[in-house]
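# Report on the structure
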Amino acid sequence: WGECFPMGGIGGPPFVGKTGFAAFSHHVPEDGNVLILFGPHIAISESGELGKYLRYGQTTHSSACGAILAAYEACRGGDGTVGYFDFTDMQQSWMKDYISQRMGDIESDPNPLKALILEAYRCVWENLHEIVNNNFGKGSLVLLGGIQINM
């Protein structure tokens, strides 16, 4: 894998899991260090609207993070896919399940989209801490997390 080993997926969680992290750790030199950057992203439009982004070469705003926002809308609207694990859309199914369990906190916040992205960050943090280990050698493991903002 060279210098980079992608562990994430849509929404930011480390979908490689414990098995993927173990596979990754076999690529680390015995005295090597590991730096993992993690977290979801959210867009902020020119007018300050969360979740909207005008991408280069496009004339209309689109959503970012689209996966997180789509999962949230599915949970809000009860579209029938929440609670159903779709093996052809595993990452989105997982994201819907995670968000559905936190809808009370998200919806009760004065700014639900801000609460949503903070919950998405917690999701990534919790899952990353479930899979990482120091079984790769003598080096250090550094986790650097945050919320990437697209502007």
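In every chain, residue numbers begin from 1 and rise along the written sequence. Local features in this predicted model are restricted to residues whose pLDDT is 70 or higher, and side-chain atom pairs enter the listing and the counts only when it is 80 or higher, whereas totals over whole chains, interfaces and linings include all residues. Side-chain metrics in this entry use all non-hydrogen atoms of the structure; hydrogen atoms and water are not considered.

### Points about the overall build of the protein
Operational definition: Secondary structure counts use DSSP, requiring at least four H or I residues in a row for a helix and at least two E residues in a row for a strand, with both numbered from the N terminus. Accessibility here uses a 1.4 Å probe with only protein chains present; expressed as a share of the type maximum, an area under 20% marks a residue as buried, one over 50% as exposed, and anything in between as partly exposed. In what follows, a contact means two residues having at least one pair of non-hydrogen atoms within 4.5 Å. Here the open area of atoms and residues is found with the Shrake-Rupley method and a 1.4 Å probe, where only the protein chains shown may cover a residue. None of His or the chain ends enter the tally, which takes Lys and Arg as positive and Asp and Glu as negative. In plain terms, the charge of a residue is placed at NZ if it is Lys, CZ if Arg, CG if Asp and CD if Glu.
The secondary structure content of the protein amounts to 5 helices and 6 strands. From first element to last, N terminus to C terminus, the protein shows the α and β order α-β-β-β-β-α-α-α-α-β-β. Expressed as a percentage of its 151 residues, the buried residues of the protein come to 34%. Residue pairs in contact within the protein that sit at least 24 positions apart in sequence constitute 62% of those at least 6 positions apart. Per element, the accessible surface of the protein, about 9100 Å² overall, is 53% carbon and sulfur. In the protein, the 9 positive side-chain charges and the 16 negative ones have mean positions that sit 2 Å from each other.

### Topic: the layout of surface pockets
Where we set the bar: Detection works on a 1 Å grid of protein atoms alone, calling trapped sets that fit a 1.4 Å probe cavities and calling open sets with protein on both sides within 12 Å along at least five of seven lines pockets, with lining residues defined by an atom within 4 Å of a point. Grid points are joined across faces, edges and corners, and a volume is the space filled by probe spheres set on the points. In this classification, the charged set is Asp, Glu, Lys and Arg, the nonpolar set is Ala, Val, Leu, Ile, Met, Phe, Trp, Tyr, Cys and Pro, and all remaining amino acids, among them Gly, are polar.
Approximately 670 Å³ is the volume found for the largest pocket. Along the walls of the largest pocket sit 27 residues, with C4, F5, L35, I36 and L37 positioned nearest its centre. In terms of residue count, the dominant contributor to the lining of the largest pocket is strand β1 (residues 34-38) (5 residues). Of the residues that constitute the lining of the largest pocket, the class distribution is 17 nonpolar, 9 polar and 1 charged.

### Topic: the pattern of salt bridges
The line we're drawing: Salt-bridge detection follows one rule: a side-chain nitrogen of Lys or Arg within 4 Å of a carboxyl oxygen of Asp or Glu.
Across all of its chains, the model carries 6 salt bridges by this definition. One salt bridge in this structure joins R102 and E119, with 3.5 Å as the shortest N-O distance. Of this pair, R102 sits in the loop between α3 (90-100) and α4 (103-108) while E119 sits in helix α5 (residues 112-131); the two residues are 17 residues apart in sequence, bridging distant segments of the chain. Summarising the burial analysis for this pair, R102 and E119 share the class buried. Residue D109 pairs with K114 through a salt bridge whose shortest N-O separation is 3.9 Å. For D109, a relative accessible area of 22% gives the class partly exposed. Its relative accessible area of 38% is what places K114 among the partly exposed residues. Taken together, the salt bridges that share partners define one network made up of R102, E119, R122 and E126.

The values reported here are purely geometric and, on their own, carry no functional implication.
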